[in-house]
Amino acid sequence: RLLAQVAVVLAVFAMLGWYGVRLLDQTLLAQLAPRVAQVDATLAIAFLSDGDGEQRRHFEAVAARLAASTDFAYFVVFDETGRIVARHGWDEQHPLPPDDPLDVLPADKVLDHRYNLEREGVLAGSIRYGLSLDSLLQARTSLLLHGALVAAAGLLASIAAMIFFGGALLRELAHLG
């Protein structure tokens, strides 16, 4: 009987753990969509500001500033004709990865995204970038580790309580019998 109770407790903890991981991932994904929108808006402002008048030179200057950021695993800036104006962290020998959906955490720790740069409704260029998710995934790992420690402590406390109270109950029953 005690083993059956331990099995039930283990099953409940496993289901709660699975649900907790899903809930954590959904929460992180909910934070990711606004972050991507913020990055897109920041890129649009940076790339589409007047600059020095020549679009290509301005794109190159903004890309040089972006290269110093740790937020991007890579980026590639295209002009309105689709020619590469600037790039950082990407080797032209490899194709750019497809865009990642915002409903699943990417497995490779990088969210791949495309953003079209438009000025007054006219395509002025585009940027493909890989947003580094290192800090987000480190937070996820830390939360999972702490959650696992709390769950393990709860599981051990539950099993100890079952053994203690179950043993006391068995002794009382044996004494009566």
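Peer 1: Explanation requested: the overall build of the chain in the structure shown.
Peer 2: If you tally the helices and strands in the chain, you get three helices and four strands. For the chain, the succession of helices and strands along the chain, N to C, is α-α-β-β-β-β-α. Taking 16 Å as the expected radius of gyration for a compact globule of 177 residues, we find that the chain reaches 27 Å, considerably beyond that expectation. The principal-axis extent of the C-alpha atoms belonging to the chain is close to 95 × 30 × 25 Å. Residues counted as buried form 29% of the 177 residues belonging to the chain. Of the roughly 11400 Å² of accessible surface on the chain, 64% is carried by carbon and sulfur atoms. Here the chain holds 14 positive side-chain charges and 20 negative ones, and the gap between their average locations is 7 Å.

Peer 1: Can you walk me through the pairing of strand E3 (residues 110-119) in this structure?
Peer 2: A regular strand carries its side chains on alternate faces of the sheet. As defined by bridge partners, E3 adjoins strand E4 (residues 122-132) across 10 bridges and the pair is classed as antiparallel. Considered in E4, the bridge of Asn-116 is made with Ser-126. Counting the residues that bridge the hairpin from E3 to E4 gives two residues, and of these Glu-120 lies at a positive phi of roughly 55 degrees.

Peer 1: Could you clarify how one ought to interpret the environment of Val-12 in this entry?
Peer 2: Among the secondary structure elements, Val-12 is positioned in helix H1 (residues 2-48). With 78 residues separating them along the chain, Val-12 and Trp-90 place their C-alpha atoms 46 Å apart.

Peer 1: Is there a simple way to explain a nonpolar patch on the surface in this structure?
Peer 2: Residues Val-8, Val-12, Met-15 and Leu-16 make up a contiguous nonpolar surface patch of about 390 Å² in total accessible area. Its location among the elements puts Val-8 in helix H1. Residue classification places Val-8 among the exposed positions, given a relative accessible area of 53%.

Peer 1: Just to check I follow, could you spell out the confidence of the model for the chain for this structure?
Peer 2: Low-confidence regions, as indicated by low pLDDT, have predicted coordinates that should not be scrutinised in detail. Per-residue confidence for the chain gives a mean pLDDT of 82; residues scoring 70 or more make up 93%. Per-element averaging of pLDDT across the chain places helix H2 (residues 55-67) at the bottom with 75 and E3 at the top with 90.

So, how was this worked out
Residues numbered from 1 in each chain as written. Predicted model: local features only at pLDDT ≥ 70, side-chain atom pairs only at ≥ 80, totals over all residues. Heavy atoms only, no water. Helix = DSSP H or I, 4+ residues; strand = E, 2+ residues; numbered from the N terminus. Rg over C-alpha atoms; globule rule 2.2 N^0.38 Å. Buried < 20%, exposed > 50% of the residue type's maximum accessible area, 1.4 Å probe, protein only. Areas by Shrake-Rupley, 256 points an atom, 1.4 Å probe, with all protein chains shown as cover. Lys, Arg positive; Asp, Glu negative; His and termini not counted. Charge placed at Lys NZ, Arg CZ, Asp CG, Glu CD. Pairing = 2+ DSSP bridges. Patch = residues over 30% accessible without salt bridge, like charges linked within 9 Å, V, L, I, M, F, W, Y side chains within 5 Å. Salt bridge = Lys/Arg side-chain N within 4 Å of Asp/Glu carboxyl O. pLDDT = per-residue confidence, 0-100.

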